[in-house]
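Residue-level structure breakdown
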Amino acid sequence: MAQLVEEAAGLTRDLLAGEPERLRHSEGVARRAEFLTPTVDRDQAPLLVAAAWLHDIGYAPRLRDSGFHPLDGARYLRSAGWPRVICDLVAQHAGSRFVAAALGLSEELGDFGYQENRLTDALTVADQTCGPYGRPMTVEERFEDMLARHGPHSPLARAHHLRGPYIRGAARRVTTRLEASGIDAADHGIF
Ligand SMILES: [Fe+2]
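Residues numbered from 1 in each chain as written. Predicted model: local features only at pLDDT ≥ 70, side-chain atom pairs only at ≥ 80, totals over all residues. Heavy atoms only, no water.

Let's talk about unusual backbone geometry
For alanine 94, which is not a glycine, the phi torsion comes out positive at approximately 55°. For alanine 94, the position within the fold is in the loop between α5 (84-91) and α6 (96-103). Exposure remark for alanine 94: the relative accessible area of 2% places this residue in the buried category. Positive phi, normally seen in glycine, also occurs at tyrosine 133, with a value near 60°. Along the polypeptide, tyrosine 133 turns up in the loop between α8 (118-127) and α9 (139-150). (Helix = DSSP H or I, 4+ residues; strand = E, 2+ residues; numbered from the N terminus. Buried < 20%, exposed > 50% of the residue type's maximum accessible area, 1.4 Å probe, protein only.)

Now the structure itself:
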């Protein structure tokens, strides 16, 4: 399973080599995911960290197809034979289903299953506490940064009234799980 993480890291470094902001972000999200592994079942930790590495590969110019990065990344991973759970996590990370609805891509994204579970929550929180170039951010700082970068009429902004509460809910669940593992709220920088 450690090999899965190595392969995910290698593929991401290769695909995002020309996109330093995204690559540094992906490295940061993978580190955050490692920090969050106490919130998932032990045997699922490598799936979480591998998905964290891979979650934004759909931004790679050579994978661009629909233009919606969670979908393009997941489709590529599926065609390359990656485990179904990784493809689904990448497709559905950080409330992408709400953005897909704003883009008219719900049916296409529906090829990949959404499940509310510990893995999905942890990946979403890892992504949403890591900004461009991997800068650590609270969930609220990340929202502010995202809305400023993408603009008030972007699909992300139009989906925010649904996506924001979903991400805050995932963040609360992850916080509770971290505290159950003895990690204090002051140490995890989620809120
Ligand atoms: Fe991301």
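Describing the nonpolar core
With 60 residues, the main nonpolar core has Leu54, Leu77, Trp82 and Ile86 as its most contacted residues. If you tally residues by element for this core, the top one is helix α3 (residues 45-54), at nine residues. Contact partners of leucine 77, with chain neighbours within four places excluded, come to Leu11, Leu54, Ile57, Trp82, Ile86, Cys87 and Val90. (Core = buried A, V, L, I, M, F, W, Y, C linked by side-chain atoms within 4.5 Å. Contact = heavy atoms within 4.5 Å.)

Side note on the packing of α3 against α5
Remark: α3 packs on α5, axes separated minimally by 9 Å, with the N-to-C direction vectors making an angle of 50°. One finds that α3 runs oblique with respect to α5. In this structure, α3 crosses over α5, and the sense of that crossing is right-handed. On α5, the residues touching Leu47, Ala50, Ala51 and Leu54 of α3 are Val85, Ile86, Leu89 and Val90. In the contact of α3 with α5, the residues fall into eight nonpolar, no polar and no charged. (Axes fitted to C-alpha atoms, helices over the stretch in contact; angles between N-to-C directions. Parallel < 35°, antiparallel > 145°, perpendicular 65-115°, else oblique. Left-handed = near helix turned anticlockwise from the far one by under 90°. Nonpolar A, V, L, I, M, F, W, Y, C, P; charged D, E, K, R; others polar.)

With respect to the packing of aromatic side chains
Throughout the structure, instances matching the rule amount to two aromatic pairs. Ring centres of phenylalanine 98 and tyrosine 166 lie 6.0 Å apart, and the angle between their planes is 55°; this geometry places the pair in the tilted category. With phenylalanine 98 in helix α6 and tyrosine 166 in helix α10 (residues 155-180), this residue pair connects regions lying 68 residues apart in the sequence. A relative accessible area of 9% places tyrosine 166 in the buried class. Of the aromatic side chains, those joined through ring pairs into one cluster are Phe98, Tyr114 and Tyr166. The ring of tyrosine 59 has arginine 22 lying over it, and the distance from NZ or CZ to the ring centre is 3.5 Å. (Phe/Tyr/Trp six-rings, centres within 6.5 Å; stacked < 30°, edge-to-face > 60°. Lys NZ or Arg CZ within 6 Å of the ring centre and 35° of its normal.)

Quick notes on the pattern of salt bridges
As enumerated under the stated definition, the model contains nine salt bridges in all. The residue arginine 75 makes a salt bridge to aspartate 65 at a minimum N-O spacing of 3.7 Å. Remark: aspartate 65 occurs in the loop between α3 and α4 (69-79) and arginine 75 occurs in helix α4; sequence separation between them is ten residues. Between arginine 84 and aspartate 88 there is a salt bridge; the shortest N-O distance is 3.2 Å. You can see arginine 84 and its partner aspartate 88 sitting in helix α5, four residues apart, about one turn around the helix. The structure contains a network of salt bridges with shared partners spanning Glu116, Asp121, Arg173 and Arg177. (Salt bridge = Lys/Arg side-chain N within 4 Å of Asp/Glu carboxyl O.)

Let's talk about the coordination of the iron ion
For the iron ion, the full set of protein donor atoms is His25 (NE2), His55 (NE2), Asp56 (OD) and Asp127 (OD), at a range of 2.1 to 2.4 Å. If you look at the iron ion, its four donor atoms make angles of 80 to 171° with each other, and the shape they trace is irregular. One chain supplies every donor to the iron ion, and in sequence these donors are spaced H-x29-H-D-x70-D. A residue pair is termed long-range when its members are at least 10 positions apart, and histidine 55 in the loop between α3 and α4 and aspartate 127 in helix α8 qualify at 72 residues. Considered together, histidine 55 and aspartate 127 belong to a single accessibility category, that of buried residues. (Donors = N, O, S within 2.8 Å, 3.2 Å for Na, K, Ca; no water. Tetrahedral: all angles 85-135°; square planar, octahedral: opposite > 155°, others 65-115°.)

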